[in-house]
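A look at the structure
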Amino acid sequence: MVCLLKKSLYNLKQSPRQWYKRFDSFITLVGFERSQYDSCLYHKRSSHKCVIYLLLYVDDMLLISDSAKEIKSLKHKLSSEFDMKDIGKARRILGMEIIRNRISRVLSLKQSSHLEKVLSKFFITNAKPTSVPIASHFKFSSE
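Residues numbered from 1 in each chain as written. Predicted model: local features only at pLDDT ≥ 70, side-chain atom pairs only at ≥ 80, totals over all residues. Heavy atoms only, no water.

This part covers the overall build of the protein. The helix and strand tally for the protein stands at 3 helices and 9 strands. Tracing the protein from N to C terminus, the helices and strands come up as β-α-β-β-β-β-α-β-β-β-β-α. The burial tally for the protein puts 24% of its 143 residues in the buried class. Summarising the internal contacts of the protein: among those between residues at least 6 apart in sequence, 36% fall at separations of at least 24. Within the structure as shown, the protein displays about 11,600 Å² of accessible surface, and the carbon and sulfur contribution to it stands at 56%. (Helix = DSSP H or I, 4+ residues; strand = E, 2+ residues; numbered from the N terminus. Buried < 20%, exposed > 50% of the residue type's maximum accessible area, 1.4 Å probe, protein only. Contact = heavy atoms within 4.5 Å. Areas by Shrake-Rupley, 256 points an atom, 1.4 Å probe, with all protein chains shown as cover.)

Orientation of helix 1 (residues 15-29) relative to helix 2 (residues 68-81), taken along the N-to-C sense of each, is 135°, at an axis distance of 12 Å. Between helix 1 and helix 2, the crossing angle belongs to the class labelled oblique. Helix-helix and strand crossings are classified by hand; for helix 1 and helix 2 the assignment is right-handed. Seen from helix 1, the contacting residues are Arg22, Phe23, Phe26 and Ile27; seen from helix 2, they are Leu74, Lys77, Leu78 and Glu81. (Axes fitted to C-alpha atoms, helices over the stretch in contact; angles between N-to-C directions. Parallel < 35°, antiparallel > 145°, perpendicular 65-115°, else oblique. Left-handed = near helix turned anticlockwise from the far one by under 90°.)

Our focus in this paragraph is the sheet that holds strand 7 (residues 92-93). The strand order across the open sheet built from 3 strands is 7-8-9, with neighbouring strands paired in antiparallel fashion. Either end of the sheet is taken by a strand with one partner, and the two such strands are strand 7 and strand 9 (106-110). The pairing of strand 7 with strand 8 (residues 96-101) spans 2 bridges and is classified as antiparallel. By the bridge assignment for strand 8, Ile93 is matched with Met96. (Pairing = 2+ DSSP bridges.)

To continue, consider a nonpolar patch on the surface. Where nonpolar side chains cluster on the molecular surface, the patch consists of Val118, Leu119, Phe122 and Ile124 and spans about 330 Å² of accessible area. Among the residues examined, Ile124 registers a relative accessible area of 41% and is labelled partly exposed. (Patch = residues over 30% accessible without salt bridge, like charges linked within 9 Å, V, L, I, M, F, W, Y side chains within 5 Å. Salt bridge = Lys/Arg side-chain N within 4 Å of Asp/Glu carboxyl O.)

With that settled, consider the pairing of strand 9. Relative to strand 9, strand 8 runs antiparallel, the two sharing 5 bridges. Of the residues in strand 9, the one forming a bridge with Arg100 is Leu107.

Here Leu94, not a glycine, exhibits a phi torsion of approximately 50°, which is positive. Locating Leu94 in the fold gives a position in the loop between strand 7 and strand 8. If you check the backbone angles, Arg105 has positive phi at about 55° while not being a glycine. Here Arg105 falls in the exposed class, since its relative accessible area comes to 63%.

To continue, consider the packing of aromatic side chains. For the structure shown, the criterion picks out 3 aromatic pairs. Seen from their ring centres, Phe23 and Tyr42 are 6.1 Å apart, and the 70° between their planes marks the pair as edge-to-face. Highlighted residues: Phe23 in helix 1 and Tyr42 in strand 3 (residues 41-45), separated in sequence by 19 residues. Each member of the pair, Phe23 together with Tyr42, is buried. An aromatic cluster is present here, built from Phe23, Phe26, Tyr42 and Phe82 joined pairwise through their rings. (Phe/Tyr/Trp six-rings, centres within 6.5 Å; stacked < 30°, edge-to-face > 60°.)

Remember, this is a structural readout, not a statement about activity or role.
Right, dumping it as structure tokens:
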């Protein structure tokens with residue numbers, strides 16, 4: 001789904017900020033909360049106890065929910081406020097491939113095409129893979 005402002009703000013220094021402020025005020029007005037960890041992630045728990053997530057990146061967005069009805073409703077609200085184009089089910093986002101397994105209800109992200117581009121950019125496509133140069137007994141922690 002791609003959203004565009006009705007009034008053009010392109011080529012102005014404040015364009016991205018104005019677009020974000022405009023979008024943020026609308027999406028919070030319809031009941032979404034901005035994540036405290038990422039200002040481009042919004043979420044809303046509907047009356048049917050399903051959650052809908054909205055990820056905004058510049059003027060592209062990704063909608064995720066258990067309920068197709070909730071997504072359709074949100075698309076309708078967004079299209080009444082913004083000129084937008086629905087490009088269907090997401091296959092890629094930010095250079096990552098989205099893989100769905102509907103049977104096990106799992107979404108996965110795959111970055112192999114991005115990694116291949118990086119390897120070819122630096123002329124190391126024929127490099128031999130190796131394990132990460134860190135001992136396997138080390139545990140990562142935020143503490």
